[in-house]
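# Architecture at a glance
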Amino acid sequence: MKIFKWQQEIYLASSLGDIRNVRKIQHKLLKSQDAKLLAIRQVTQDNTGKVTAGIDGIKRLTPPQRLALVDQLQFPTKAKPLRRVWIPKPGTSEKRPLGIPTIQDRCLQALFKLALEPEWEAKFEPNSYGFRPGRNCHDAIKAIYDATVKGSKYAIDADISKCFDKINHEYLLDKIAMKGAFRKQIQYWLESGVLDGESFQETSQGTPQGGVISPLLANIALHGLEKHLKEWISDKPIRSRTNTLVKPIRRKETIHVIRYADDFVILHKDKSIVLEAL
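Figured I'd write up the structure that's included with this text. Source: prediction; values computed, not measured.

Moving on: the pattern of salt bridges. Applying the stated criterion across every chain yields a total of 12 salt bridges. Glu-119 is the salt-bridge partner of Lys-123, the closest N and O atoms lying 3.2 Å from each other. By relative accessible area, which is 28% here, Lys-123 ends up partly exposed. Classification of Glu-119 as buried rests on a relative accessible area of 0%. With a shortest N-O distance of 3.1 Å, Arg-250 and Glu-253 are connected by a salt bridge. Look at Arg-250 and you get partly exposed, because its relative accessible area is 46%. A relative accessible area of 45% means that Glu-253 is categorised as partly exposed. Several salt bridges converge on common partners, so that one network encompasses Arg-23, Glu-119 and Lys-123.

Further remarks concern the sheet that holds strand β6 (residues 256–260). Across the sheet, which stays open at both edges, the three strands sit in the order β3-β7-β6 with antiparallel pairing between neighbours. Edge strands, defined here as strands with exactly one partner in the open sheet, are β3 (154–159) and β6. Sheet twist, expressed as the average angle between the axes of neighbouring strands with direction ignored, equals 15°. Of the strand pairs in this sheet, β3 and strand β7 (residues 263–268) are connected by six bridges, and their pairing is antiparallel. Opposite Ala-158, over in β7, you have Phe-264 as the bridge partner. Packed on one face of the sheet, helix α6 (residues 137–148) meets β6 and β7 and runs near 170° to β6.

Let's shift gears to empty space enclosed by the protein. All chains considered together, the criterion is met by two cavities of 30 Å³ or more. Empty space within the largest cavity amounts to approximately 100 Å³. Together, 17 residues line the largest cavity, and Leu-82, Gln-109, Trp-189, Pro-208 and Ser-214 are the ones closest to its centre. Secondary-structure elements contributing two or more residues to the lining of the largest cavity are α5 (103–121), α9 (180–190) and α10 (214–222). Its residues assigned to classes, the lining of the largest cavity shows eight nonpolar, seven polar and two charged.

Right, let's get into the nonpolar core. Within the largest apolar cluster, 45 residues are counted, with the highest numbers of intra-cluster contacts made by Phe-112 and Leu-116. At the level of elements, α1 (2–15), α2 (19–31), α3 (33–46), α4 (63–70), α5, α8 (169–176), α9 and α10 are the ones that each hand at least two residues to this core. With 10 residues, the single largest contributor to this core is α5. Leave out the neighbours within four places in its chain, and Leu-116 touches Gln-26, Ile-176, Met-178, Ile-213, Leu-216, Leu-217 and Ile-220. Within the second largest apolar cluster, 14 residues are counted, among which are Leu-229, Trp-232, Ile-255 and Val-257.

Before going further, it helps to examine the side chain of Arg-66. With respect to the helices and strands, Arg-66 occurs in helix α4. Among buried Asp, Glu, Lys and Arg side chains, Arg-66 stands out as unpaired, with Asp-46 the closest opposite charge at 9.3 Å.

At the junction of Phe-75 and Pro-76, the peptide bond is cis and its omega measures out at -5° in the coordinates. Not every positive phi belongs to a glycine, and Phe-131 is a case in point at roughly 55°. Structurally, Phe-131 can be placed in the loop between α5 and α6. Here Asn-243, not a glycine, exhibits a phi torsion of approximately 70°, which is positive. By the secondary structure assignment, Asn-243 is in the loop between α11 (225–233) and α12 (248–251). With a relative accessible area of 53%, Asn-243 lands in the exposed category.

One can describe the packing of α8 onto α9 by two numbers: an axis separation of 11 Å at closest approach and a directional angle of 150°. When the axis of α8 is compared with that of α9, the two are roughly antiparallel. The element α8 and its partner α9 pack so that their crossing is right-handed. Side by side, α8 and α9 meet where His-169, Glu-170, Leu-172, Leu-173, Asp-174 and Ile-176 of the first sit next to Arg-183, Ile-186, Gln-187 and Leu-190 of the second. Here the contact of α8 with α9 is built from residues that sort into five nonpolar, two polar and three charged.

Parameters at a glance
Residues numbered from 1 in each chain as written. Predicted model: local features only at pLDDT ≥ 70, side-chain atom pairs only at ≥ 80, totals over all residues. Heavy atoms only, no water. Salt bridge = Lys/Arg side-chain N within 4 Å of Asp/Glu carboxyl O. Buried < 20%, exposed > 50% of the residue type's maximum accessible area, 1.4 Å probe, protein only. Pairing = 2+ DSSP bridges. Helix = DSSP H or I, 4+ residues; strand = E, 2+ residues; numbered from the N terminus. Axes fitted to C-alpha atoms, helices over the stretch in contact; angles between N-to-C directions. Contact = heavy atoms within 4.5 Å. 1 Å grid on protein atoms, 1.4 Å probe; cavity = no way out; pocket = protein on both sides within 12 Å on 5 of 7 lines; lining within 4 Å. Points joined across faces, edges and corners; volume = space filled by probe spheres on them. Nonpolar A, V, L, I, M, F, W, Y, C, P; charged D, E, K, R; others polar. Core = buried A, V, L, I, M, F, W, Y, C linked by side-chain atoms within 4.5 Å. Lys, Arg positive; Asp, Glu negative; His and termini not counted. Parallel < 35°, antiparallel > 145°, perpendicular 65-115°, else oblique. Left-handed = near helix turned anticlockwise from the far one by under 90°.

Okay, structure coming up:
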């Protein structure tokens, strides 16, 4: 209950732009024993991938080991390399890479996410649906339906090639704008490297799929896509169905940008606008 209250306070402070208070409550949450115990429970008991091992081969923790782990959840902690696992990509013959952190690193990430997610939930755009609490692909489908039900639209359906693998670390760290130990911790996760069998590979860019916090980091990196296109279209000479010029302040309402992680749809009644937006 205490953790949820802190998360509500972080959300409210973030929505008001009070970053100083956001950081103050985040520090309190990240040092809390309750939050650490919750993060350990999420990773080792609740999560569907709870018995997936990192490079240390540890799949399970006994109750005493889980309690002992509480004292080890400190920031910053140097992250161990990720274990590379290849899984089938739905609808294709390709495989996509996952990077599996150790249990300790997953618990640290789960703890960090408890503090970071409410800050960004207060900022995220209305039509971003992927990997967000209380949202799913059906909500994204409904948003597309709502955008087209009152009139036909041209649509671009796209995804960003190798999005998770190509995110610029400095850009992401600056965007998150945390300082000291917490910035260092995110950097440790981003630069931990990957062990694929006997081969070690450095990670100089990207946020590997497989980590607890990776989807949130990817959403933060992509935050602003919808706003950018709505600002961009405000300068375009958009005409209504009666061929009158739409006022600049109303033009942003004519374009719809619906995103699910790195997949997105752009909708507009003018084909040339859709193509230029892409």
